[in-house]
Amino acid sequence: MSYRKRASPLHAARAGAAWSYCLALGFAALILDNPVALGALTAALLLAAAGARVWRELRRALVLAAPLALMIAFVNALVTRDGLTVIVRLGDLPVLGHTDITLEATAYGGVLGLRALALILCGGLYTLAVDPDEVLRLFRRVSFHSALTATLATRMVPVLLRDSKRLGEAQRCRPGTPPSRAALMRAATAGVLDRALDVAAALEVRGYGAARRPPRARAPWSRHDLAFAACAVTIAVLAVVIRFGALAPFHAYPALALELRPGGAAAIAALLACALAPFADRRGIQA
Amino acid sequence: MGRRIRTALAVASAAAVSGCGLGAGSGTSNVSVTVTRGFGAAQLGAASEARVPGSETVMRMLERSFKVQTRYGGGFVESIAGQAGSSPHLDWFYYVNGVQAPQGAASTAVHGGDRIWWDLHDWSATASVPAVVGSFPEPFVHGVGGRRLPTVLECGSDVALACKRVSGELARTGVPVSTQEFGVGSGNQTLTVLVGTWSTLHGTIVSQLVQAGPSASGVYARFTGGGRGLALLDPKGQVARTLGAGAGLVAATDDRNAGPTWLITGTDPDGVAAAAAALQAARLRDHFALAVEGGGDLPVPVQAGQ
């Protein structure tokens, strides 16, 4: 799963706007706790991925993230002692002691799982739709070394995947039993570390350490830049309003309290619309 | 197929026997919760439930009646009704039927008739107060851990009237009492009430615990001058006041071998009589221990200004 230029409004937007859009969605995932709002945000992320034409790639992340979300929900239900409504009595368990599973802990575990799912999808959307080189250019005026490190680290993940794929194919060509995943990972990791040393040496030789702050590159804002930047701000504001404006209060403990006031429903609908609106305008997008 | 059904039935039976099951299970009744601070000096609230759902724990019972903030996944109480420990040695402790529970509130089951008492207090003198008197007539009526325990009364020879009064008060609350000689021992599944002057009790394990201070017994009082004086301690474990002739003490402790033991004692027979007269729910309510002198009650530990 890596960035590839595609014909979509999100890819057409400048990195700053696209990055802000993904950051706003991640921010919303972190502060929203109402399950309806989180569900709407997750739906918005999936629809945004479709709009950015990265649905197929993001679906793989979804398949990996769904069991993780379920596990978070299960573990929270098992270890949390809060909540008044007992739904399953497990008696005395080793390590955990007296264990009762409550409706509240299960529901809150579901919220935590949903939040983790949204954050993973958000990270996936960022990886697939935001050009890391553009991000490097964006941040090199602020902190060149940090931006370089972040970009290299981001690039190392697809390199690691490609390496392991190549190694696996090469080993399958040899006779005998196929290699284990651990052996492949060990070989790929060693290769990446070697490569990291090479990269570090090349950077040193080319004098990257002595780099000075580059001049600001001024480019006119496109309609897509403006749309995604405006939506990023609106999404963040709406998330704050939903969370702290008592529009959709949710308390898991000690007893479940979930309320969706008309204002909250409208704000959630606005958040969903705002996350998808920039994808409606496809003018200037070359297929 | 028959084998599978038998296996499924066996697993279901094992689960049921080990306390597993769906839903909360059968409930219980008449449980009360009291919340105080400063060793019972100030009551912050009280609630009683005529009907309690199944699988109720002390923590759930508390959360049902008060606004509670917890830590560590709901296993530790941070604050109750907005009251939290404001210093490193101030925390919430709880007692069920006047006995400190050996495990966390989230793991302690609630039984019918239980009196749960939460207190926010300074534990710089001791973090463990194994038993308190403030829930009287508990633990004599409903016992400990849902099991009623036999009550054994041990009296000194010079306090017959006080002994009779204690026996009568326990009988009035519906507690059958058996009487035996001092120091005979009654096993670890009993509630023991010792009635006698301090000089008579001197030498018993419980008296040695009390003399060793709050860290050993959880009792913020000790006798001085061979039993002629009664030193009352403050929450820090320092002597705050000393009483003389005619002073009595009602306190409880637990030596972990004999079970909860109540002391109704004094500097002399008059003091023991005064202590025996104080064995009433109204006078003992919300006190960790109670000293009496000249008809006046002095909750122990002694708070500043008393």
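Our subject in this report is the structure included herewith. (Residues numbered from 1 in each chain as written. Chains lettered and ligands numbered in written order. Predicted model: local features only at pLDDT ≥ 70, side-chain atom pairs only at ≥ 80, totals over all residues. Heavy atoms only, no water.)

### What to know about the state of the cysteines
Scanning the entire structure with this criterion turns up 1 disulfide over all chains. A sulfur-sulfur distance of 1.8 Å marks the disulfide that ties Cys 155 of chain B to Cys 163 of chain B. In this structure the cystine formed by Cys 155 of chain B and Cys 163 of chain B twists about its S-S bond by roughly 70°; its chirality is therefore right-handed. The closest cysteine sulfur to the non-disulfide-bonded Cys 122 of chain A is located on Cys 22 of chain A, 5.6 Å from its own sulfur. Classification of Cys 122 of chain A by relative accessible area gives buried; the value is 5%. Free cysteine Cys 274 of chain A: the closest other cysteine sulfur is in Cys 231 of chain A, separated by 3.7 Å. Residue Cys 274 of chain A is classed as buried on the basis of its relative accessible area, which comes to 11%. (Disulfide = S-S within 2.5 Å. Buried < 20%, exposed > 50% of the residue type's maximum accessible area, 1.4 Å probe, protein only.)

### Quick notes on the interface of chain A and chain B
Taken together, the contact between chain A and chain B spans 16 residues of the former and 18 residues of the latter. When chain A packs against chain B, the two sides together hide about 1,400 Å² of surface, and 46% of this comes from carbon and sulfur. Between the two partners, chain A and chain B, sit 1 salt bridge. The tally of links from chain A across to chain B stands at 5 residue pairs in polar contact (both at pLDDT 80 or more). (Contact = heavy atoms within 4.5 Å. Buried area = accessible area lost by both parts, 1.4 Å probe. Salt bridge = Lys/Arg side-chain N within 4 Å of Asp/Glu carboxyl O. Polar contact = N/O pair within 3.5 Å; in protein donor to acceptor, adjacent residues only side chain to side chain.)

### With respect to the pairing of strand β4 (residues 68–71) of chain B
Residue and element names in this part refer to chain B. Here β4 pairs with strand β5 (residues 76–80) via 4 bridges, running antiparallel. Bridge assignment links Gln 69 to a residue of β5, and that residue is Ser 79. In sequence, β4 turns back onto β5 through a hairpin of 4 residues, with Tyr 72 there showing a positive phi of about 50°. (Pairing = 2+ DSSP bridges. Helix = DSSP H or I, 4+ residues; strand = E, 2+ residues; numbered from the N terminus.)

### Section: a nonpolar patch on the surface
Residue and element names in this part refer to chain A. On the surface, Leu 68, Met 71, Phe 74, Val 75, Val 79 and Ile 120 cluster together into a nonpolar patch covering about 510 Å² of accessible area. Top contributing element to the nonpolar patch by residue count: helix α4 (residues 55–79), with 5 residues. Relative accessible area serves as the criterion here: at 35%, Leu 68 is assigned to the partly exposed category. (Patch = residues over 30% accessible without salt bridge, like charges linked within 9 Å, V, L, I, M, F, W, Y side chains within 5 Å. Areas by Shrake-Rupley, 256 points an atom, 1.4 Å probe, with all protein chains shown as cover.)

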